[in-house]
Amino acid sequence: MKNIAQSNNEKKDPKDVTENPLLHNTWKLLKNYRDVVWSLELSVQQVRSSFQIEYGNNIEDFLDSVYLAGADLSGTDIEHHAKCIERSHKMLKLLENTVELLRTKHKYGESYYWILYYSFLSPQQLHNAEEVIEKLRPYVRNISFRTYYRRRQDAIEALSSVLWGYSSKACMEILEKFIPEE
């Protein structure tokens, strides 16, 4: 006898962005991309300004002089800020590199790139799907609302597979296409 949770899970569409666990992190990452970029830029600017005011020179010169002098910054606010900024920067760089890999290596990479760019990655967020579709027209032929939402989902799935790797279930499905069970 199936319990209620199992029957509820069976009703969920595995391609539903909000329900698929593989896509959930990618969806959240993409939805927050512009905010993270903005916060990172503000943090860097704030740290630079603080150093300019407090030490009379820029942070790069300050850190160079500290390291040349052999000073240890471990456990200080300076180290904490620098590590936070570095971590955020690495995360953004990973996403950018992954999107570029998807763009250049995936069979639908160019159209997926533009869909992801105008949906999530462009500096200015577009107001609605209609604006996104208008921007996509030079890059994606015959794009309708249904096509946009379907291809956006496919692009997120492809990006997820590069970011997080294929799940074992997905690998089995691919293998079964090449080596069908008899």
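The coordinates are above.
Summarised in this report is the structure supplied together with it. Bear in mind that the values here come from a model prediction, so they are computed numbers and not experimental data.

### Quick word on the pattern of salt bridges
- Counted by the stated rule, this structure contains 3 salt bridges.
- Salt-bridge contacts for lysine 93 lead to glutamate 96; the nearest nitrogen and oxygen are separated by 3.8 Å. Taken together, the residues lysine 93 and glutamate 96, both in helix α5 (residues 77-105) and 3 residues apart, mark about one turn of the helix.
- A salt bridge links arginine 103 to glutamate 110; the nearest nitrogen and oxygen atoms lie 3.0 Å apart.
- Residue class for arginine 103 comes out partly exposed when judged on its relative accessible area of 22%.

### Examining helix α6 (residues 109-121)
- With 13 residues, α6 ought to run about 18 Å at 1.5 Å a step, yet its terminal C-alpha atoms sit only 15 Å apart, falling short of that.
- Of all 13 residues in α6, 11 are buried; the element is thus mostly enclosed.
- Taken residue by residue, α6 has Gly109, Ser111, Tyr112, Tyr113, Trp114, Ile115, Leu116, Tyr118, Ser119, Phe120 and Leu121 as its buried positions.

### Quick word on the nonpolar core
- If you look at the biggest cluster of nonpolar residues, it comprises 33 residues, and the most contacted ones within it are Leu30, Leu95, Leu116, Leu121, Leu136, Tyr148 and Leu159.
- Looking at this core, the elements with two or more residues in it are α2 (21-31), α3 (33-55), α5, α6, α7 (129-136) and α8 (145-164).
- Sorting elements by how many residues they give to this core places α6 first, with 8 residues.
- Excluding its chain neighbours within four sequence positions, the residues that come into contact with leucine 159 are Thr26, Leu30, Leu95, Thr98, Val99, Leu102 and Leu116.

### Regarding the packing of aromatic side chains
- Applying the stated criterion to the full structure yields 10 aromatic pairs.
- A centroid spacing of 5.1 Å and a plane angle of 80° characterise the contact between tyrosine 117 and tyrosine 118, whose relative ring orientation is edge-to-face.
- The exposure class of tyrosine 117 is partly exposed, given its relative accessible area of 23%.
- Assessed through its relative accessible area of 13%, tyrosine 118 is described here as buried.
- Across from the ring centre of tyrosine 113, 3.9 Å away, lies the NZ or CZ of arginine 103, which sits over that ring.

### Brief notes about α8
- Spanning 20 residues, α8 covers 28 Å between terminal C-alpha atoms, matching the ideal 28 Å at 1.5 Å per step.
- Restricting attention to buried positions, one finds in α8 the residues Thr147, Tyr148, Arg152, Gln153, Ala155, Ile156, Ala158, Leu159, Ser160, Ser161 and Leu163.

### A few points about the side chain of arginine 152
- Take arginine 152: it is sitting in helix α8.
- Residue classification places arginine 152 among the buried residues on the basis of a relative accessible area of 17%.
- Sequence-distant contacts of arginine 152, defined by excluding residues within four places in its chain, comprise Trp27, Ile115, Ser119 and Phe120.

Conventions used here
Residues numbered from 1 in each chain as written. Predicted model: local features only at pLDDT ≥ 70, side-chain atom pairs only at ≥ 80, totals over all residues. Heavy atoms only, no water. Salt bridge = Lys/Arg side-chain N within 4 Å of Asp/Glu carboxyl O. Helix = DSSP H or I, 4+ residues; strand = E, 2+ residues; numbered from the N terminus. Buried < 20%, exposed > 50% of the residue type's maximum accessible area, 1.4 Å probe, protein only. Expected span 1.5 Å × (residues − 1). Core = buried A, V, L, I, M, F, W, Y, C linked by side-chain atoms within 4.5 Å. Contact = heavy atoms within 4.5 Å. Phe/Tyr/Trp six-rings, centres within 6.5 Å; stacked < 30°, edge-to-face > 60°. Lys NZ or Arg CZ within 6 Å of the ring centre and 35° of its normal.

The quantities given are spatial measurements derived from coordinates; they are silent on function.
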